[in-house]
Every structure is written in structure tokens, then in C-alpha cells.
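What follows is the residue order along each chain.
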Amino acid sequence: MLYKFILVFVADANKTGVAQETLQNAIRKGSKVMTEQEARQILGVTEETAWEDVLKKYDTLFERNSTNGSFYLQSKVHRAKECLEAAYRDKGQTTPS
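Given the structure is predicted, the values throughout are model-derived calculations rather than measurements. (Residues numbered from 1 in each chain as written. Predicted model: local features only at pLDDT ≥ 70, side-chain atom pairs only at ≥ 80, totals over all residues. Heavy atoms only, no water.)

Some remarks on the pattern of salt bridges
In step 1: Enumeration over the complete set of coordinates arrives at five salt bridges.
In step 2: When the shortest N-O distance is used, the salt bridge between Lys76 and Glu38 registers 3.5 Å. With a gap of 38 residues between them, Lys76 in helix 5 (residues 71–90) and Glu38 in helix 3 (residues 36–43) connect regions that are remote in the sequence.
In step 3: Of the charged contacts, one joins Arg89 and Glu85 as a salt bridge, the two residues approaching to 3.5 Å between their closest N and O atoms. Within this pair, Arg89 and its partner Glu85 are both found in helix 5, separated by four residues, close to a single helical turn.
In step 4: Of the residues examined, Arg89 reaches a relative accessible area of 48% and is grouped as partly exposed.
In step 5: Overlapping salt bridges bring together Glu36, Arg40 and Lys91 as one network. (Salt bridge = Lys/Arg side-chain N within 4 Å of Asp/Glu carboxyl O. Helix = DSSP H or I, 4+ residues; strand = E, 2+ residues; numbered from the N terminus. Buried < 20%, exposed > 50% of the residue type's maximum accessible area, 1.4 Å probe, protein only.)

The following block contains the structure:
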């Protein structure tokens, strides 16, 4: 059913840029891929934040949610770190393992 909806929407998406943007957002949300912007919001960092500082924020939030928080939030923090790790790697910045 969702696939059929997407096919119909794709046919109409070529008419306007807004429709294409909506389609891209729907596909991204459907695939549940975290965006770099969402990852930065979760960890509370900016594009200028050094990788070491990202790791510090990650460690703090991950530990806080492992003891007193929820598994859901802990997994969001982990996914955010993974997303930013890929982004930093793509930009040629070092990301120690």
C-alpha cells in the first residue's frame, strides 16, 4: 500500500519542487535514517564542534541514560553518534574508533 502511494506521488512530484522535497522527506522518514541535523540536536553539538567534544557529549548522555534513563533515549544517542561519525569521516575529519 505504501509502495503504491509512493509511486503515485512520484508521478506528481515532478510538477513542483515542493512535491519533490516532500517526497524525499517521506522516503527518509520511512527508512528511519537519522539526519545529521537530528543527530546534532540529540547530542547538542554544532557543525563546528570537534570530534573529541562530540565523543564527550556522547559518553555523558549515553552513561546518563544507561543508569537512570531509558533504553530508547540511549539508542537515539548511540544512533546520533554513528550518524555524526559517518558525517565527520565523509568530510575527511579524523574519527578515532
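Focus on the packing of helix 3 against helix 5
In step 1: Their axes nearest at 8 Å, the elements helix 3 and helix 5 cross at an angle of 125°. Considered as vectors, helix 3 and helix 5 are oriented oblique to each other. Here helix 3 runs over helix 5; the crossing is left-handed. Together, Glu36, Glu38, Ala39, Arg40, Ile42 and Leu43 of helix 3 and Lys76, Val77, Ala80, Lys81, Cys83, Leu84, Ala87 and Tyr88 of helix 5 make up the contact between the two elements.
In step 2: In terms of residue class, the contact of helix 3 with helix 5 is made up of nine nonpolar, no polar and five charged. (Axes fitted to C-alpha atoms, helices over the stretch in contact; angles between N-to-C directions. Parallel < 35°, antiparallel > 145°, perpendicular 65-115°, else oblique. Left-handed = near helix turned anticlockwise from the far one by under 90°. Contact = heavy atoms within 4.5 Å. Nonpolar A, V, L, I, M, F, W, Y, C, P; charged D, E, K, R; others polar.)

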